[in-house]
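Residue-level listing of the chains:
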Amino acid sequence: MTRTALITGATSGFGAAATRRFVAAGWRVIATGRRAERLQALVDELGADHVHAAVFDIRDEAAMEAALAALPQDL
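What you see is a predicted model; the values in this text were computed from it and never measured. (Residues numbered from 1 in each chain as written. Predicted model: local features only at pLDDT ≥ 70, side-chain atom pairs only at ≥ 80, totals over all residues. Heavy atoms only, no water.)

## What to know about the environment of Ala18
Here comes step 1: As for its position among the elements, Ala18 is in helix H1 (residues 13-24).
Here comes step 2: By relative accessible area, which is 14% here, Ala18 ends up buried. (Helix = DSSP H or I, 4+ residues; strand = E, 2+ residues; numbered from the N terminus. Buried < 20%, exposed > 50% of the residue type's maximum accessible area, 1.4 Å probe, protein only.)

The following block contains the structure:
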């Protein structure tokens, strides 16, 4: 069984470190944040099979709901 974690603020600091740790432990991660280029760098570093980027500002509820609704079913 593959486990999936949703990590907010994955574009820097604790969020980016948590993303790396979860992937290293065998999890798939939905990495969220405001900066698309930094999320893409995580995907490039860790692999698209392990990290799915969702770009939105957590303070924007409509954008958050739209991004989460658009996630692939296999996550």
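Next comes the rest of the description.
## Digging into the environment of Ala70
Here comes step 1: Along the polypeptide, Ala70 turns up in the segment after helix H3 (61-69).
Here comes step 2: The exposure class of Ala70 is exposed, given its relative accessible area of 60%.
Here comes step 3: Along the backbone, Ala70 and Ala54 are 16 residues apart, and their C-alpha atoms lie at a distance of 9.1 Å.

## A look at the sheet that holds strand S2 (residues 28-33)
Here comes step 1: Across the sheet, which stays open at both edges, the three strands sit in the order S1-S2-S3 with parallel pairing between neighbours. One side of each edge strand has no neighbouring strand; the edge strands of this open sheet are strand S1 (4-7) and strand S3 (51-55). Shown here is a sheet whose adjacent strand axes are inclined to one another by a mean of 15°, direction ignored.
Here comes step 2: In terms of strand pairing, S1 meets S2 through four bridges, oriented parallel. From the neighbouring strand, Thr4 faces S2, where its bridge partner is Arg28.
Here comes step 3: Running at roughly 175° to S1, H1 makes contact with S1, S2 and S3 of the sheet.
Here comes step 4: Sitting on the sheet, helix H2 (residues 36-46) is in contact with S2 and S3, with an inclination near 175° to S3. (Pairing = 2+ DSSP bridges. Axes fitted to C-alpha atoms, helices over the stretch in contact; angles between N-to-C directions. Contact = heavy atoms within 4.5 Å.)

## Thoughts on the pairing of S2
Here comes step 1: Burial runs high along S2: six of the six residues are buried.
Here comes step 2: The alternating pattern of S2 places Arg28, Ile30 and Thr32 on one face and Val29, Ala31 and Gly33 on the opposite face, and all of these are buried.
Here comes step 3: In terms of handedness, the path from S1 via H1 over to S2 forms a crossover that is right-handed.
Here comes step 4: When S2 meets S3, the two strands line up parallel, connected through five bridges. Looking at S3, one finds that Ile30 is bridged to His52.
Here comes step 5: Handedness of the crossover joining S2 and S3 through H2 is recorded here as right-handed. (Right-handed = clockwise from strand over helix to strand, strands pointing away.)

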